[in-house]
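Listed below, chain by chain, are the residues.
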Amino acid sequence: MKKRWYDYLWIWSIVYFALGFFNILFAWLGMIDFLLPLGFAIFGGNKGFCNHFCGRGQLFAKLGGQLKCSRRRATPRFLTSRGFRYGFLVFFLIMFGNMVFQTYLVGAGAASLRETIKLFWTIRVPWGWTYTAGTVPDWIAQYSFGLYSLMLTSLLIGLIVMVFYKPRSWCAFCPMGTMTQGICRIRAKVTKSQRS
Amino acid sequence: MLSKRLAEVDRARCVACGACAQECPKGAVRIMNGCFARIQEEICVGCGKCARICPAGCIEVKDREGRR
């Protein structure tokens, strides 16, 4: 099959995490991965991002499929159940909200900037070499650390399930995928009821 | 001529990630409105590549005859 430019977006995924290792402010680029899927779902009524432009999904397919880093076992059924998927989405949104609140506290001067990233929402890892204090307002830096933590945590979870199960097992419960599919389902229902 | 086997999607469990569509050598899989994958039965050759890649395990390869 002929390769298209967006079949190489797995490279972008690697570049993103590499950039965040040297300068945390590049973490803001991760907002593309949040806003684009929502844009596709809300305005286009499709999961075009998941289907074609998700660098992370492509990376898992590359590592797990072509490089054979996956055991390719069936994903446990509970991970693909609606309850778990929506539960994980709610958890993810709460953690995202918490991150935004921390950013607000730093911006309001009620908390100080923490130059660390948090893996799996619990383990603090020093990440201070990626930021020189005073370069930008503290809240911008705080948001960078928070977003990078979220992105790295989800990458690690994705890699773990990739190794144990199928290459793209993460896609079965990816919060963005769940949210955009939910939006698409609502849109499809609304369109259908409008036609009838 | 149609193949003896073809893939079938459990729409309720499909997450519409599109992994199957990318894997299908015949381009027989379409993601419908971001809701679920749909197999174009007249194109599907029942190779099972989509079922093997599907992270949600919602694709099965069945006999065409048995379905009818």
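The following paragraphs examine the structure supplied in this document. (Residues numbered from 1 in each chain as written. Chains lettered and ligands numbered in written order. Predicted model: local features only at pLDDT ≥ 70, side-chain atom pairs only at ≥ 80, totals over all residues.)

The next point concerns the overall build of chain B. When helices and strands are counted, chain B shows three helices and four strands. When the helices and strands of chain B are listed from N to C terminus, the series reads β-α-β-β-α-β-α. For 68 residues, the compact-globule estimate of 2.2 N^0.38 gives 11 Å, and the C-alpha radius of gyration of chain B, at 11 Å, lies within 12% of that figure. When the 68 residues of chain B are sorted by exposure, 44% land in the buried category. (Helix = DSSP H or I, 4+ residues; strand = E, 2+ residues; numbered from the N terminus. Rg over C-alpha atoms; globule rule 2.2 N^0.38 Å. Buried ≥ 20, exposed ≤ 12 C-beta atoms within 10 Å, placed from the backbone.)

As a further point, take the interface of chain A and chain B. At the junction of the two partners, chain A supplies 22 residues and chain B supplies 15 residues. Mapped onto the side of chain A that touches chain B, the elements with two or more residues apiece are helix 3 (48-53), helix 4 (55-66), helix 7 (169-173) and helix 8 (175-195) of chain A. No other element matches the six residues that helix 8 of chain A contributes to the side of chain A that touches chain B. (Contact = placed C-beta atoms within 7 Å.)

Let us look at the nonpolar core. Core analysis: the biggest nonpolar cluster contains 43 residues, and Ala16(B), Cys20(B) and Ala37(B) have the highest contact counts within it. It is helix 7 of chain A that provides the largest number of residues to this core, a total of four residues. Non-local contacts of Ala16(B), meaning those with residues more than four positions away in its chain, are made with Lys47(A), Cys50(A), Gln181(A), Ile31(B), Gly34(B), Cys35(B), Phe36(B) and Ala37(B). Within the second largest apolar cluster, 12 residues are counted, among which are Tyr143(A), Phe145(A), Tyr148(A) and Leu150(A). (Core = buried A, V, L, I, M, F, W, Y, C linked by C-beta atoms within 7 Å.)

Residues and elements named next belong to chain A. For glycine 55, the position within the fold is in helix 4. The partly exposed category is assigned to glycine 55, around which 19 C-beta atoms lie within 10 Å. Linking glycine 55 and leucine 9, residues 46 residues apart in sequence, is a C-alpha distance of 4.5 Å. Apart from the residues within four sequence positions on either side, glycine 55 is in contact with Leu9, Trp10, Trp12 and Ser13.

Now for helix 2 (residues 31-44) of chain A. Residues and elements named next belong to chain A. With 14 residues, helix 2 should cover 20 Å at 1.5 Å per step; its first-to-last C-alpha distance of 19 Å lies within 8% of that length. Among all positions of helix 2, only Asp33, Pro37, Phe40 and Ala41 are buried. The arc enclosing the buried residues of helix 2, seen along the axis, measures out at 90 degrees, which places them on a common side. Of the exposed residues in helix 2, the ones pointing more than 90 degrees away from its buried face are Met31, Leu35, Ile42 and Phe43. As for helix 2, its buried residues are in contact with helix 3 and helix 8. Once helix 2 finishes, glycine 45 follows within two positions and takes phi at roughly 65 degrees, a positive value. (Expected span 1.5 Å × (residues − 1). Arc of directions from axis to C-beta.)

Here the focus is the packing of helix 5 (residues 82-108) of chain A against helix 6 (residues 138-164) of chain A. Residues and elements named next belong to chain A. Interhelical geometry of helix 5 versus helix 6 gives an angle of 160 degrees and a closest axis separation of 8 Å. One element, helix 5, and the other, helix 6, form an angle in the roughly antiparallel class. Crossing handedness for the pair helix 5 and helix 6: right-handed. Contacts between helix 5 and helix 6 involve Met95, Phe96, Met99, Gln102, Thr103, Val106 and Gly107 on the former and, on the latter, Asp138, Trp139, Gln142, Tyr143, Gly146 and Leu150. The class makeup of the residues in the contact of helix 5 with helix 6 is seven nonpolar, five polar and one charged. (Axes fitted to C-alpha atoms, helices over the stretch in contact; angles between N-to-C directions. Parallel < 35°, antiparallel > 145°, perpendicular 65-115°, else oblique. Left-handed = near helix turned anticlockwise from the far one by under 90°. Nonpolar A, V, L, I, M, F, W, Y, C, P; charged D, E, K, R; others polar.)

Geometry only, nothing functional implied.
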